[in-house]
Amino acid sequence: MRFVLLCVVACLVCDLSAAEPAAVPRVVLGVHGGAGVPRNEMTPELEKALCAGMTAALKAGHAALQKPGATSLDAVETAIRAMEDDREFNAGRGAVFTNAGRNELDASIMEGRLRKAGAVAGVTVVKNPISAARAVMEKTKHVMLVTQGAEAFAKEAGLDIVEPSYFHTEKRWQQLQDGLREEREANEKQKGTGLPLAPRPYEWSTVGAVAVDALGNLAAGTSTGGMSNKRYGRVGDSPIIGAGTFADNATCAVSCTGHGEYFIRWAVAHEIASLMRYRGLGVQQAADDVINVQLKQAGGEGAAIALDVKGNFAMSHNSEGLYRGYITTDGQITVMLYDK
Ligand code: ASP
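Here the structure is a predicted model, which means the values were calculated and not measured. (Residues numbered from 1 in each chain as written. Predicted model: local features only at pLDDT ≥ 70, side-chain atom pairs only at ≥ 80, totals over all residues. Heavy atoms only, no water.)

Caption draft 1: Representation of the layout of surface pockets. A volume near 240 Å³ is recorded for the second largest pocket. Lining the second largest pocket are 15 residues, with L65, V212, D213, A214 and L215 sitting closest to its centre. A total of 3 residues in the lining of the second largest pocket trace back to one element, the largest contributor, which is helix α1 (residues 44-66). Taken together, the residues of the lining of the second largest pocket sort by class into 7 nonpolar, 5 polar and 3 charged. (1 Å grid on protein atoms, 1.4 Å probe; cavity = no way out; pocket = protein on both sides within 12 Å on 5 of 7 lines; lining within 4 Å. Points joined across faces, edges and corners; volume = space filled by probe spheres on them. Helix = DSSP H or I, 4+ residues; strand = E, 2+ residues; numbered from the N terminus. Nonpolar A, V, L, I, M, F, W, Y, C, P; charged D, E, K, R; others polar.)

Dropping the structure here:
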């Protein structure tokens, strides 16, 4: 199949073809690579790498969906695995570091027909946490397994196990060092004047995917290293069903990224579905209400992608950017980082 690739980044920064489509046709798979870095910190190299990473994930997920009997879960898992293997994203290989200098990964997946779900949290040796989440859903009676238990299960399930050093990347290590330094300076300053330094704008680059298959079944998944410099076994929204991930054929499939503590407290993914179910909102309206009204008022920064069974794809963010993209039934790909 011939892919027409549209890469719209701040007025076509990494444009690989012609114009944006006049109307959005039916989307079968959408992905995000996080709510982004502040625009003034973006480089052309990173833009290119992020566009390429999401494009590869969309192609892989779409190809998985073309196989006979393939489901939306296959598309979601395949797309997320591609981004977990790509060191540019904060998931799998490119995960951020904890305050203790470890990489602790979280992921979840859900399908919309029976609302089956699986999740893992705090894993340090599982190469592809999204596959572990799916295995929890399909091979256990549980929804979430954490830390060593999740790792023992992943080994038993025959998933790829790696050394913790597999997740060590220089970029994320430097990010932790910067965070630690800024924290020290803020503490010192606070003692002297009572005024903490303004916190550094956060870099969000968790990955996620939503898909619909030929049978009209939805699926959603999210995978992350969490927040850089996180402490004490902290777990964010990404592995929590209803917060970072949700899918229900009656409403939509959702994957979120952003300040996880807010996404948990606002049960963001479920809230988007609830607005569709109980207030009859469309998927974009529902996502905008939660992300750009409720969360924004509360000071929670981040974004969500959501897809309904008809292929209406919503991309909503109150952060400066949202790395996101989608592929339609005819194989047309669009990826974006910021708004114009
Ligand atoms: N939501 C993730 C978390 O709080 C972080 C992110 O989206 O980048 O763990």
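There's more to say after this.
Caption draft 2: Region of the structure containing the packing of aromatic side chains. Considering all chains together, one arrives at 4 aromatic pairs under this definition. Over the aromatic face of Y166 sits the side chain of R93, whose NZ or CZ is 4.9 Å from the ring centroid. (Phe/Tyr/Trp six-rings, centres within 6.5 Å; stacked < 30°, edge-to-face > 60°. Lys NZ or Arg CZ within 6 Å of the ring centre and 35° of its normal.)

Caption draft 3: The site of the ligand, seen in detail. Taken together, the residues surrounding the ligand are W204, S205, T206, G226, M227, R234, G236, D237, S238, T257, G258 and G260. Between the ligand and T206 there is a distance of 2.9 Å, counted from an oxygen atom to a side-chain nitrogen or oxygen. Residue G260 places a main-chain N or O atom 3.0 Å away from an oxygen atom belonging to the ligand. Relative to its unbound accessible surface of 270 Å², the ligand loses 100% to contact with the protein. Assessed atom by atom at 2 Å from the grid points, the ligand resides in the largest cavity. Class assignment of the residues belonging to the shell around the ligand gives a composition of 2 nonpolar, 8 polar and 2 charged. (Near = heavy atom within 4 Å. Polar contact = N/O pair within 3.5 Å; in protein donor to acceptor, adjacent residues only side chain to side chain. Areas by Shrake-Rupley, 256 points an atom, 1.4 Å probe, with all protein chains shown as cover. Sits in = over half its atoms within 2 Å of the grid points.)

Caption draft 4: Structural context of the pairing of strand β2 (residues 27-32). With 6 of 6 residues buried, β2 is to be regarded as a mostly interior element. Alignment of β2 against strand β12 (residues 321-328), held across 5 bridges, turns out to be antiparallel. Across the sheet, the residue bridging to H32 is R324, located in β12. (Buried < 20%, exposed > 50% of the residue type's maximum accessible area, 1.4 Å probe, protein only. Pairing = 2+ DSSP bridges.)

Caption draft 5: Structural context of the sheet that holds strand β11 (residues 313-317). Read from one edge to the other, the open sheet built from 4 strands follows the order β8-β9-β10-β11, with strand pairing classed as antiparallel. Looking at strand neighbours, the two that pair on one side only are β8 (245-247) and β11, the edges of this open sheet. With direction set aside, neighbouring strand axes in the sheet form an average angle of 10 degrees. Running over the sheet, helix α8 (residues 283-298) touches β10 (302-307) and β11 and is turned about 15 degrees from β11. (Axes fitted to C-alpha atoms, helices over the stretch in contact; angles between N-to-C directions. Contact = heavy atoms within 4.5 Å.)

Caption draft 6: Spatial organisation of the packing of α1 against helix α2 (residues 72-84). Closest axis-to-axis distance for the α1/α2 pair is 8 Å, and the angle between their directions is 150 degrees. Taken together, α1 and α2 sit at an angle that is classed as roughly antiparallel. For the pair α1 and α2, the crossing hand works out as right-handed. Listed contacts from α2 to G53, M54, A57, A60, G61, A64 and L65 of α1 are S72, D74, A75, T78, A79, A82 and M83. The residue makeup of the contact of α1 with α2, split by class, is 9 nonpolar, 4 polar and 1 charged. (Parallel < 35°, antiparallel > 145°, perpendicular 65-115°, else oblique. Left-handed = near helix turned anticlockwise from the far one by under 90°.)

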